[in-house]
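Here are the chains, one letter per residue:
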Amino acid sequence: MRIVSTGLFSSSRLGAAALGAALGISVSGAAAAEVIRKGSWPEVEPKVSLEVRGEPRNEALRRVAREAGWSLVLNVPPGDVVELHVQGQPADKVLELLLADGSYVATRDGDLIAIAAAPAAPRAAGPLPGQPAQPGQPAQPDDAEDEDEQAGPDDAEDEDERARLESRGRDRFVTGGSLRIERGEVVHDVSVVGGSLDVWGTVTGDIDVMGGSTHLHEGARVRGDVSTVGGPLTVADGARVDGDVDVVGGPLHRGERASIKGDVNNEVSSVGGDGASEEGSSTLARRAGNAVTRAALLFAFGAVMLALWPRRMETLKVEIAARPMRSFALGVMGVLGALAVAVALCVTLIGVPFAVIGLLLAVIAVVAGGCAVLETAGAGLFGHRTKNPYVHLAIGCLGLLLVSGIPYVGPALCAAVALIGAGALVATRLAGLIRPRPRGDAATGPYRTSP
């Protein structure tokens, strides 16, 4: 098949016939060929200019769809090798000419087009109603026409439903592996757990990825939302997302020509794209505000503890200053032991409330121990200038606020403060709340030995 641009045609049959006559090509099946359009087709289609040499008919169809901005689903044979030389012609007319070898159904939803072979018309077993039967053929009953009329609408509805499902695509779900949506492939909802996702084609639904990277390459389109957890998201130049984008626990890399129509929510600053600097600055401002709020609440809690239980806070401070590494080790063992006890209590329904209450009290105690650690650090830095414990606590909270913004170092320091505070609580028996058992009690009773 060879197609050369010769102007506009009023219909696919006339265009195919005129084209075949102009080029001297035999199109014996063109008279019976047609493309049945379904869905909403605009009156004016974009014009395309392209050149295809020695490629199968389906590849030429994909080239036309790419030039016209369509997403194409093909359920037709690859076809013969074609040569296509088109300059400024409507894309739908070129599409129909490439499908001039048979009858097809083109169902359209926006810029998504599904093409499938038209169902073959059933052959009649006898003459048409109202005509005499030929010799040797049985006569068709008069009510056969009524049966065909009743079956027609149902068949049409089934065909429309089948075409709609084909145009929408199938759902894809992958666990523990990677997934690729190739160029020209159409799928619906995509879910990937524990693997990466690469998209070149069209996703008519939503994308959900957990524990892996997501890359929307050039030409990819997502009609729904994109949500990723624990991995980066890359929206390359030429990729398009019609819905919202949510990225948790990973960066968002956005190309300058990437299109995201919905809202963008990302805890980490976006890289590239229009408005990336504004999104990054707003994210940094939000994180800084949260850090200041946490430091202020920590200082307020520590001040309450200093006002209500100054001697117990002093006990913790002495233990931390004297043996910080021992407190850290005891804190690690104490946290692990508390978690083991909580799990053991959760085995039965009766123990669940005790486990919840115990964990809440443990969190409060660890925060109090952390305040003691910060007061000790502040006293070590500015103890020669002032003896006010509230000033020491404020200096410690300010230092933690400044250091917590450093990647990796900040979270590690916060964890160390919490563990040292927990270890000091274990070493001092909750700052003296639990009194030690006197040694002489073990020797009392009926079996006490005489000196």
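Notes on the structure in this doc start here. (Residues numbered from 1 in each chain as written. Predicted model: local features only at pLDDT ≥ 70, side-chain atom pairs only at ≥ 80, totals over all residues. Heavy atoms only, no water.)

**Overview of the pattern of salt bridges**
Pairs can form between side chains of opposite charge once their charged atoms are near each other.
Piece 1. Going through the model one piece at a time under the given rule, you end up with 14 salt bridges.
Piece 2. Between Arg 240 and Asp 242 there is a salt bridge, and its shortest N-O distance comes to 2.9 Å.
Piece 3. Here the salt bridges do not stand alone but share partners, grouping Asp 111, Arg 221, Arg 223, Arg 240 and Asp 242 into one network. (Salt bridge = Lys/Arg side-chain N within 4 Å of Asp/Glu carboxyl O.)

**What about the sheet that holds strand S7 (residues 112-117)?**
Piece 1. Ordered in space as S2-S6-S7-S4, the four strands form an open sheet in which the pairing is mixed. Edge positions in the open sheet fall to strand S2 (34-39) and strand S4 (71-75), since each of these has one partner strand only. The mean inter-strand angle of the sheet, taken between neighbouring strand axes irrespective of direction, is 20°.
Piece 2. Pairing of strand S6 (residues 103-109) with S7, which is carried by six bridges, proceeds in the antiparallel orientation. Within the sheet, the bridge partner assigned to Asp 109 lies in S7 and is Leu 112.
Piece 3. Contacts between helix H2 (residues 57-68) and the sheet are confined to S4 and S6, with S4 contributing the most and set at about 160° to the helix. (Pairing = 2+ DSSP bridges. Helix = DSSP H or I, 4+ residues; strand = E, 2+ residues; numbered from the N terminus. Axes fitted to C-alpha atoms, helices over the stretch in contact; angles between N-to-C directions. Contact = heavy atoms within 4.5 Å.)

**Quick look at the nonpolar core**
Piece 1. Formed by 26 residues in total, the largest nonpolar core has its most connected members in Val 64, Trp 70, Leu 84 and Ile 115.
Piece 2. If you list the elements that add at least two residues to this core, you get strand S3 (47-56), H2, S4, strand S5 (81-90), helix H3 (91-98), S6 and S7.
Piece 3. A total of five residues in this core trace back to one element, the largest contributor, which is H2.
Piece 4. Not counting residues within four places of it along the chain, the set of residues in contact with Trp 70 comprises Glu 45, Val 64, Ala 65, Ala 91, Asp 92, Leu 95, Arg 108, Asp 111 and Ile 113.
Piece 5. Judged by nonpolar contacts, the second largest core, of 24 residues, contains Val 199, Val 235, Ala 258 and Ile 260. (Core = buried A, V, L, I, M, F, W, Y, C linked by side-chain atoms within 4.5 Å. Buried < 20%, exposed > 50% of the residue type's maximum accessible area, 1.4 Å probe, protein only.)

**A few points about the sheet that holds strand S14 (residues 214-216)**
Piece 1. Read from one edge of the open sheet, five strands run S9-S11-S14-S17-S20, paired in parallel fashion. Here the strands that pair on one side only, and so sit at the sheet edges, are strand S9 (179-181) and strand S20 (252-254). Strand-to-strand, the axes of this sheet are offset by a mean angle of 5°, without reference to chain direction.
Piece 2. Bridge count between strand S11 (residues 197-199) and S14: three bridges; the pairing is parallel. Bridging across to S14, Leu 197 finds its partner in Thr 214.

**So, the packing of H2 against H3**
Piece 1. Between H2 and H3, the shortest axis-to-axis distance is 10 Å and the interhelical angle comes to 175°. In this view, H2 runs roughly antiparallel relative to H3, as classed from their interaxial angle. Listed contacts from H3 to Arg 57, Ala 60, Leu 61, Val 64 and Ala 68 of H2 are Ala 91, Val 94, Leu 95 and Leu 98.
Piece 2. In terms of residue class, the contact of H2 with H3 is built from eight nonpolar, no polar and one charged. (Parallel < 35°, antiparallel > 145°, perpendicular 65-115°, else oblique. Nonpolar A, V, L, I, M, F, W, Y, C, P; charged D, E, K, R; others polar.)

**Let's talk about the packing of helix H8 (residues 351-382) against helix H9 (residues 389-403)**
Piece 1. Relative orientation of the contacting elements H8 and H9 amounts to 100°, with a least axis distance of 7 Å. Viewed along their axes, H8 and H9 adopt a mutual orientation that is roughly perpendicular. Of the residues in H9, those in contact with Cys 371, Leu 374, Glu 375, Gly 378, Ala 379 and Phe 382 of H8 are Pro 389, His 392, Leu 393, Ile 395, Gly 396, Cys 397 and Leu 400.

**Quick notes on the environment of Pro 324**
Piece 1. Secondary-structure assignment places Pro 324 in helix H7 (residues 324-345).
Piece 2. Distance in space between the C-alpha atoms of Pro 324 and Gly 421 is 9.2 Å, their sequence separation being 97 residues.
Piece 3. Residues contacting Pro 324, with those up to four places away along its chain left out, are Glu 319 and Ile 420.

**Digging into unusual backbone geometry**
Backbone phi values are negative for most residues with the exception of glycine, while trans is the configuration of most peptide bonds.
Piece 1. With a phi close to 70°, Tyr 408 is a non-glycine residue in the positive phi region.
Piece 2. As for its placement among the helices and strands, Tyr 408 is situated in the loop between H9 and helix H10 (409-427).
Piece 3. At Arg 429, a position not held by glycine, the phi torsion is positive, near 55°.
Piece 4. Turning to its location among the elements, Arg 429 is positioned in helix H11 (residues 429-432).
Piece 5. Since its relative accessible area comes to 43%, Arg 429 is described here as partly exposed.

**Regarding a nonpolar patch on the surface**
Piece 1. Together, Phe 173, Val 193, Met 210, Val 229 and Val 248 make up an exposed nonpolar region whose accessible area comes to about 430 Å².
Piece 2. Within the secondary structure layout, Val 193 lies in strand S10 (residues 186-193). (Patch = residues over 30% accessible without salt bridge, like charges linked within 9 Å, V, L, I, M, F, W, Y side chains within 5 Å. Areas by Shrake-Rupley, 256 points an atom, 1.4 Å probe, with all protein chains shown as cover.)

**Structural notes on the packing of aromatic side chains**
Piece 1. Summed over the entire model, instances satisfying the criterion amount to zero aromatic pairs.
Piece 2. Geometry around Trp 41 places Arg 37 over its ring, the cationic atom sitting 4.9 Å from the centre.
Piece 3. The positively charged end of Arg 108 is found above the aromatic ring belonging to Trp 41, 5.1 Å away from the centroid. (Phe/Tyr/Trp six-rings, centres within 6.5 Å; stacked < 30°, edge-to-face > 60°. Lys NZ or Arg CZ within 6 Å of the ring centre and 35° of its normal.)

**Section: the pairing of S10**
Piece 1. Note: strand S8 (residues 170-175) against S10, five bridges, orientation parallel. Note that in S10 the partner of Thr 175 across the bridge is Val 193.
Piece 2. Note: S10 against strand S12 (residues 202-203), two bridges, orientation parallel. Pairing of Val 186 across the sheet is with Thr 202, part of S12.
Piece 3. Of the strand pairs in this sheet, S10 and strand S13 (residues 207-210) are connected by four bridges, and their pairing is parallel. Counterpart to Val 192 in the pairing with S13 is Val 209.

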